[in-house]
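# Summary of structural features
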Amino acid sequence: MIGAGGYPSDLTDVQWALVEPLLPPPQTGPKGGQREKHPRRRIVDAIFYVVRTGCAWRQLPHDFPPWQTVYWYFVRWHDEGTVVRVHDTLRAQVRQAEGREAEPSAGLIDSQSVRSADTVPAATRGFDAGKKVKGRKRFLVTDTLGLLLAIRVVAASIQGRDGAKRPLLWARLDHPSVRKVWADQGLAGRLADWTAQILGRELEIVRKDPGQRGFRVQPKRWAIERTFAWLTAHRRLARDYETSPAHAETMIRWAMIGVMVRRLTRSRPATRPGHRPLFRAAL
């Protein structure tokens with residue numbers, strides 16, 4: 001039997017030291033509400049277990065807190081904006097660790113269609129005729145390192161130029177330093193004009209070479225393709241299971257939080273409770 005702290009998805013001591021200060025203060029007594037029964041670290045580890053393994057909430061192993069408690073924290077931290085604050089703080093730390101400014105000056109936008117499970121309501125899923133996928137579509141705006149700036153999850157039937165407007169707007173509002181965004185040729189045309197006229201930003205289309213056959217890494221855009229690869233390495237994100245598109249977006253942010261804490265600590269010993277030290281934390 002695997003004891004507490006024995007899962008590869010669990011945070012190491014160093015990783016937890018990055019995340020813990022970013023969470024809301026725990027309730028400690030009558031004046032602050034009912035005292036919290038379960039350690040915060042086990043709650044966070046349970047969420048990462050779901051994101052990484054793809055298991056249903058009800059299938060959480062018994063050495064985690066009860067699944068109802070874990071899900072309650074997942075929803076509470078979503079509703080309070082905690083996940084967004086943790087994610088954005090870590091993104092700034094990663095950028096600074098890479099020698100960049102905390103806020104980016106350029107971005108990338110792309111979409112990914114994924115199949116949906118039967119837990120996804122019919123009203124929030126659709127059919128992507130181009131990709132032959134029935135499910136949902138994820139629109140991401142990232143910086144040039146592939147770190148998430150804005151996200152929108154919609155039905156897969158939504159056209160690129162329509163689904164991309166809102167994340168571009170959010171990126172413009174939340175990251176005014178971003179002056180240019182690169183996109184693939186599927187977003188060429190009216191969206192570039194809308195971005196220039198309404199947002200006052202440049203949407204530059206990266207086109208394939210006329211003679212290109214098969215897959216080839218595209219200049220500028222390769223970083224966001226890598227981000228999609230990071231996400232689908234998490235089994236919960238290989239298919240969309242979330243009833244609410246907003247919760248699907250939060251699942252993606254949790255996955256990126258995991259990517260970023262591993263990136264910030266990849267050269268340090270990966271010690272976990274009940275575990276022998278590892279030489280490196282895996283990305």
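Our structure's up above, just so we're on the same page.
These remarks concern the structure in this document. Every value quoted in this text rests on a predicted model; they were computed, and no experiment measured them.

## A short note on the overall build of the chain
- Helices and strands together make up the secondary structure of the chain, namely 10 helices and 6 strands.
- For the chain, the residues scored as buried account for 50% of the 283 residues in total.
- The contacts in the chain between residues at least 6 apart in sequence include a share of 65% that link residues at least 24 apart.
- As displayed, the chain has an accessible area near 14400 Å², and 52% of this comes from carbon and sulfur atoms.

## As for helix α10 (residues 245–265)
- The end-to-end C-alpha separation of α10 is 31 Å, in line with the 30 Å expected for 21 residues at 1.5 Å each.
- For α10, a buried count of 19 out of 21 residues is recorded, marking the element as mostly surrounded by other parts of the structure.
- Where α10 starts, the residue carrying a side-chain oxygen 3.1 Å from the main-chain nitrogen of Ala 246 turns out to be Ser 244.

## Details of a nonpolar patch on the surface
- On the surface, Leu 169, Trp 170 and Leu 173 cluster together to form a nonpolar patch covering roughly 270 Å² of accessible area.
- Structurally, the position occupied by Leu 173 is in helix α6 (residues 165–174).
- For Leu 173, a relative accessible area of 56% corresponds to the exposed category.

## So, the pattern of salt bridges
- By the definition in use, this model includes 18 salt bridges.
- Across the salt bridge formed by Arg 41 and Asp 13, the nearest N and O atoms sit 2.9 Å from each other. Of this pair, Arg 41 sits in helix α2 (residues 40–53) while Asp 13 sits in helix α1 (residues 13–19), and the two are 28 residues apart along the sequence.
- Overall, Asp 13 belongs to the partly exposed group, its relative accessible area being 36%.
- A salt bridge links Glu 36 to Arg 40; the shortest N-O distance between them is 2.9 Å. Arg 40 shares its class with Glu 36; the two are buried.

## Here we look at the pairing of strand β4 (residues 148–155)
- Of all 8 residues in β4, 8 are buried, a share of seventy percent or more.
- Sheet topology places strand β3 (residues 133–142) next to β4; 7 bridges connect them, and they run antiparallel. Of the residues in β4, the one forming a bridge with Thr 142 is Leu 148.
- Once β3 ends, the chain turns through 5 residues before running back antiparallel as β4, passing Gly 146 with a positive phi of about 90°.

## Re unusual backbone geometry
- The phi dihedral of Lys 132 falls on the positive side, at around 60°, and the residue is not glycine.
- In this fold, Lys 132 is placed in the loop between β2 (126–128) and β3.
- Overall, Lys 132 belongs to the exposed group, its relative accessible area being 55%.

## A closer look at the pairing of strand β6 (residues 202–206)
- Taken together, the 5 bridges between strand β5 (residues 180–184) and β6 define a ladder with parallel strand orientation. When the bridges of β6 are listed, Lys 180 appears paired with Glu 202.
- Handedness of the crossover joining β5 and β6 through helix α7 (residues 190–199) is recorded here as right-handed.

## Things to note about the nonpolar core
- Core analysis: the biggest nonpolar cluster contains 53 residues, and Val 44, Ile 47, Leu 60, Trp 77, Leu 231, Trp 254 and Ile 257 have the highest contact counts within it.
- Where this core is concerned, the elements lending two or more residues are α1, α2, α3 (67–79), α4 (82–97), β1 (106–115), β4, α8 (222–232) and α10.
- A per-element tally of this core places α10 first, with 11 residues.
- Of all hydrophobic cores here, the second largest spans 19 residues; its members include Val 141, Val 154, Val 178 and Ile 205.

## A short note on the packing of α6 against α7
- In the contact formed by α6 and α7, the axes pass within 11 Å of each other and the chain directions differ by 30°. With respect to each other, α6 and α7 are oriented roughly parallel. Our pair here, α6 against α7, has a crossing hand that is right-handed. Between α6, through Lys 165, Leu 168, Leu 169 and Arg 172, and α7, the contact on the second element is made entirely by Leu 191, Trp 194, Thr 195 and Leu 199.
- The residue makeup of the contact of α6 with α7, split by class, is 5 nonpolar, 1 polar and 2 charged.

Rules used throughout
- Throughout, residues of each chain are indexed from 1 in the direction in which the sequence is written.
- Where local features are concerned, this predicted model is filtered to residues with pLDDT of at least 70; where side-chain atom pairs are given and counted, the filter is 80 or more; whole-chain, interface and lining totals use all residues.
- With hydrogens and water excluded, all non-hydrogen atoms of the structure serve as input to the side-chain values.
- A run of H or I in DSSP counts as a helix once it spans at least four residues, and a run of E counts as a strand once it spans at least two, with each numbered from the N terminus.
- Burial here depends on accessible area, computed with a 1.4 Å probe over protein chains only, as a share of the maximum for the residue type. Under 20% is buried, over 50% is exposed, and the range in between is partly exposed.
- Residue contacts follow a heavy-atom distance rule, with two residues in contact if any of their heavy atoms lie within 4.5 Å.
- With residues, only the protein chains shown are counted as cover, and all accessible areas are computed by Shrake-Rupley using a 1.4 Å probe.
- Take the residue count of a helix, subtract one, and multiply by 1.5 Å to get its expected span.
- Distance and chemistry together define a polar contact, namely a pair of N or O atoms within 3.5 Å, with one atom able to donate a hydrogen and the other to accept it when in protein, and with adjacent residues in sequence counting only for side-chain atoms on both sides.
- Every patch collects residues that have over 30% relative accessible area and no salt bridge, joining them within 9 Å if they carry like charges and within 5 Å if they are nonpolar side chains (Val, Leu, Ile, Met, Phe, Trp, Tyr).
- Put simply, a salt bridge is a Lys or Arg side-chain nitrogen that is within 4 Å of an Asp or Glu carboxyl oxygen.
- Strands are labelled as partners when DSSP assigns at least two bridges between them.
- Handedness is read with the strands pointing away from the viewer; a crossover is right-handed when the path from the first strand over the helix to the second is clockwise.
- Think of a nonpolar core as a cluster: buried Ala, Val, Leu, Ile, Met, Phe, Trp, Tyr and Cys residues, connected wherever their side-chain atoms sit within 4.5 Å.
- Note on geometry: axes are lines fitted to C-alpha atoms, helical ones only across the stretch in contact, with angles between N-to-C directions running from 0 to 180 degrees.
- Note on angle classes: values under 35 degrees are labelled roughly parallel, values over 145 roughly antiparallel, values of 65 to 115 roughly perpendicular, and the remainder oblique.
- Left-handed describes a crossing whose near helix is turned anticlockwise from the far helix through less than a right angle; right-handed describes the clockwise counterpart.
- When residues are grouped by polarity, Ala, Val, Leu, Ile, Met, Phe, Trp, Tyr, Cys and Pro land in nonpolar, Asp, Glu, Lys and Arg in charged, and all others, Gly among them, in polar.

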